[in-house]
Structures are given as structure tokens and as C-alpha cells.
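Coordinate inspection notes
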Amino acid sequence: MHRVEIKQPTTLADAVANFRDAGDAMFLSGGMTLVPSMKAHLAAPEVLVDLSRVAELTGITDQGDSLRVGAFTRLVDIERSEVVASAIPMLGKIASIIADRHVRNRGTIGGSIANNDPAADFTAAVLVLGATLVTDRREISADDYFTGLFETELEEDEILVAMVFPKPEAAAYAKHAHPASGYAVGGVCVARFGQGWRVAVTGSGADGVFRIPELETALADKSASQAIAAVDFSALDVVDDAVFPAPFRQAMIKWLAEDALAQIG
Ligand SMILES: Cc1cc2nc3c(=O)[nH]c(=O)nc-3n(C[C@H](O)[C@H](O)[C@H](O)COP(=O)(O)OP(=O)(O)OC[C@H]3O[C@@H](n4cnc5c(N)ncnc54)[C@H](O)[C@@H]3O)c2cc1C
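Residues numbered from 1 in each chain as written. Predicted model: local features only at pLDDT ≥ 70, side-chain atom pairs only at ≥ 80, totals over all residues. Heavy atoms only, no water.

For the chain, an unreviewed UniProt entry supplies the name Carbon monoxide dehydrogenase chain C and the organism Maritimibacter alkaliphilus HTCC2654.

A look at the sheet that holds strand β2 (residues 25-28)
The strand order across the open sheet formed by three strands is β1-β3-β2, and the pairing between neighbours is parallel. The open sheet terminates on both sides in strands that have one partner only, identified here as β1 (5-7) and β2. Mean inter-strand twist for the sheet, computed between neighbouring axes without regard to direction, equals 30°. As judged from the three bridges shared by β1 and strand β3 (residues 47-50), these two strands associate in the parallel manner. Following the sheet pairing, Lys 7 is matched in β3 by Val 49. Sheet strands touched by helix α1 (residues 12-22): β1, β2 and β3. Its angle to β2, the strand with the most contacts, is close to 150°. (Pairing = 2+ DSSP bridges. Helix = DSSP H or I, 4+ residues; strand = E, 2+ residues; numbered from the N terminus. Axes fitted to C-alpha atoms, helices over the stretch in contact; angles between N-to-C directions. Contact = heavy atoms within 4.5 Å.)

Quick look at the sheet that holds strand β13 (residues 196-202)
Across the sheet, which stays open at both edges, the four strands sit in the order β11-β12-β13-β14 with antiparallel pairing between neighbours. Taken across any chain shown, the strands that pair with only one partner, and hence form the sheet edges, are β11 (170-177) and β14 (210-211). Two strands pair when backbone bridges link them, and strand β12 (residues 184-193) and β13 are joined in this way by seven bridges, in the antiparallel orientation. Opposite Cys 189, over in β13, you have Ala 200 as the bridge partner. Packing against the sheet, helix α10 (residues 213-221) makes contact with β13 and β14, and its axis sits at approximately 150° to β13. Sheet strands touched by helix α12 (residues 246-264): β11, β12, β13 and β14. Its angle to β11, the strand with the most contacts, is close to 145°.

Observations concerning the site of the ligand
If you check the shell around the ligand, you find 28 residues, and the closest are Phe 27, Gly 30, Thr 33, Thr 108 and Asp 121. Separating a nitrogen atom of the ligand from a side-chain N or O atom of Ser 29 is a distance of 2.7 Å. One nitrogen or oxygen atom from the main chain of Met 32 is found 2.7 Å from an oxygen atom belonging to the ligand. Protein chains shield 88% of the accessible area of the ligand, which is 970 Å² for the free molecule. (Near = heavy atom within 4 Å. Polar contact = N/O pair within 3.5 Å; in protein donor to acceptor, adjacent residues only side chain to side chain. Areas by Shrake-Rupley, 256 points an atom, 1.4 Å probe, with all protein chains shown as cover.)

Points about the packing of aromatic side chains
In total, this model carries three aromatic pairs according to the counting rule given. Each ring, one from Tyr 145 and one from Phe 146, has its centre 4.9 Å from the other, and the planes form 90°; the classification is edge-to-face. A relative accessible area of 0% means that Tyr 145 is categorised as buried. Centre to centre, the rings of Phe 244 and Phe 248 are 5.6 Å apart; their planes meet at 35°, and the pair counts as tilted. Assessed through its relative accessible area of 33%, Phe 248 is described here as partly exposed. (Phe/Tyr/Trp six-rings, centres within 6.5 Å; stacked < 30°, edge-to-face > 60°. Buried < 20%, exposed > 50% of the residue type's maximum accessible area, 1.4 Å probe, protein only.)

Thoughts on the layout of surface pockets
There is about 1,300 Å³ of room inside the largest pocket. As for the largest pocket, its lining consists of 47 residues, and the residues nearest its centre are Thr 33, Gly 111, Ser 112, Ala 114 and Asn 115. Elements with a contribution of two residues or more to the lining of the largest pocket: β2, α2 (34-39), α7 (109-115) and β9 (151-152). The element best represented in the lining of the largest pocket is α7, accounting for five residues. Looking at the lining of the largest pocket residue by residue, the classes come out as 26 nonpolar, 14 polar and seven charged. (1 Å grid on protein atoms, 1.4 Å probe; cavity = no way out; pocket = protein on both sides within 12 Å on 5 of 7 lines; lining within 4 Å. Points joined across faces, edges and corners; volume = space filled by probe spheres on them. Nonpolar A, V, L, I, M, F, W, Y, C, P; charged D, E, K, R; others polar.)

See below:
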């Protein structure tokens, strides 16, 4: 790895200023994605702006109708949080199945959502719950935030500060993990808000995480099995590769949706 300067701001304003002053900088949270990328020469910033001392990025707060999770919240803290377990238990369960203890001890939810890996798990939770992404300068709705593979609405110098998750009546996640990496080949999140449903899929989308509006509409007035039967899963725009061809992925999304809906009951 080449030499890199590390800035350690303690406020959001200083973090943005450090980034802009540097010219060629990247934000560093837990480093679980960024450091391996640098080792592989996929990223080569001259300056890393370390976000670990920025107090505005931390904390898990139950806000009544919603749960606010700071971007610099480690996955292990979400996994173990009683506040999360009582407000939106699905989030704790998702954190618990990501990677291994070492990665969860350093990796943050903000790093995962900023990176928008198409095989990440929390992207589906953010989308299914219709979370609001709070940055240092604006609020972005989950439906507008994810713009493609590893692409988001965030500007280069914009810091993800927190995610605000509306509390659903019920929500569940079902995942088919890649046997080697553990990342999602497919993951389906379902959430019920009153009469309305949201369904989000990660791991297989040709453009990253996506919703299934046909299933959401069908669930409003049909049983889970009737709603699943009403959807043409073979029409979903998914990745088609030699290991997991499109027909496999489409069938997998169907049975993951069945699994997630069965968890809600
Ligand atoms: C072995 C291994 C297995 C894994 N398995 C899974 C898995 O099964 N499922 C899954 O979902 N993920 C998995 N991951 C990914 C893991 O969840 C992410 O690496 C981690 O959450 C990223 O967070 P971080 O804090 O380490 O981010 P970093 O690596 O520090 O940063 C990642 C990117 O986000 C940017 N960034 C970070 N924080 C912010 C912020 N607040 N605002 C703006 N930009 C920011 C950085 O500049 C960088 O581009 C795995 C990772 C490893 C190493």
C-alpha cells in the first residue's frame, strides 16, 4: 500500500473540511471494505478522513414511531442492542448474520450503506423500511438513495450521518448466502405497515437492491401464498451468470419471499 495521511476530525464540519482540503480523500469508518480495497489497489486515496471520533455519527435512539441509528454504529452494536431488538428486531437479526465476529466488531452500518454493495444485507432493510438517510447536508429517502451497483445519491464529499427507520408492524428477512463469501446471493426483506406492504430484494438485482411492487400490491388483499402466486418472478431483472443463472435467482427470490412472509405469519 502507498503512504496515506490520516485526518481525525471530531466534528462533522471538520470532517467535510478535511475532505475538501485534501483533494484526493476518502472517508474511513471501520475499514472492512475500504482497507481491503486499498490493499488490492482498487482505491488509492492520499488522505483518509477517519470518522471514528465524530460524535454526531454515533448512537441508537428510539424516537417513538422510528428508530435512528447513527452511521458509525458497528454491526455488533446493532446485533446486541436491546433498543433495536425491541423496536425493529429484524435489524438485529440481519446484523448477526453478516460476515464474522471480527468484521462485525469493526464494520459499521454507515459504511455498508455508503458502499451499496449489491450483495450486502442492510441495503434491503433500508429500502424495505423506507428509511430516511440523513447526511451532513440533507435527508434522502431510501427510494431515491440507491442509484446502481456501488452507486448512491451521496456526493463525493457528503457524509452519511444516520438512518431513520420507520417502525413496521412486522418485518422479516430471508437470505441465501454465497457458500464461499457469505454475502447474499439473494436476500428478501418484507415489511408490513398497516394495510401496506413493502418488499425489497438484495444480492441478485441487475442494478442492485430493488422492490417488487407487484408483490406489495398483491399482499394488500391476498394471503401470502395467493400473493406469491400472482407475481411473475421470471420477469424480475436479475443478474445472469454461470454460477447462479437468472432462472435460479428468480426462483430463489420467490422462495426467499415465501420464507420471509412465513416468518411474519
Ligand atoms: C470477510 C467479509 C465478509 C463480509 N460479509 C458480508 C455479508 O455477508 N453481508 C454484508 O452485507 N456485508 C458483508 N461484508 C461487508 C461489511 O458489512 C462491510 O465491509 C462493512 O459494513 C463496511 O463498513 P465499514 O465501517 O468497515 O466501512 P469502510 O470500509 O470504512 O467504508 C466503506 C465505504 O463507505 C465509505 N463510507 C464509510 N462511512 C461513510 C459515511 N459515514 N459517510 C459516507 N461514506 C462513508 C468509505 O469511504 C468507503 O468507500 C463483509 C466484509 C468482509 C470483509
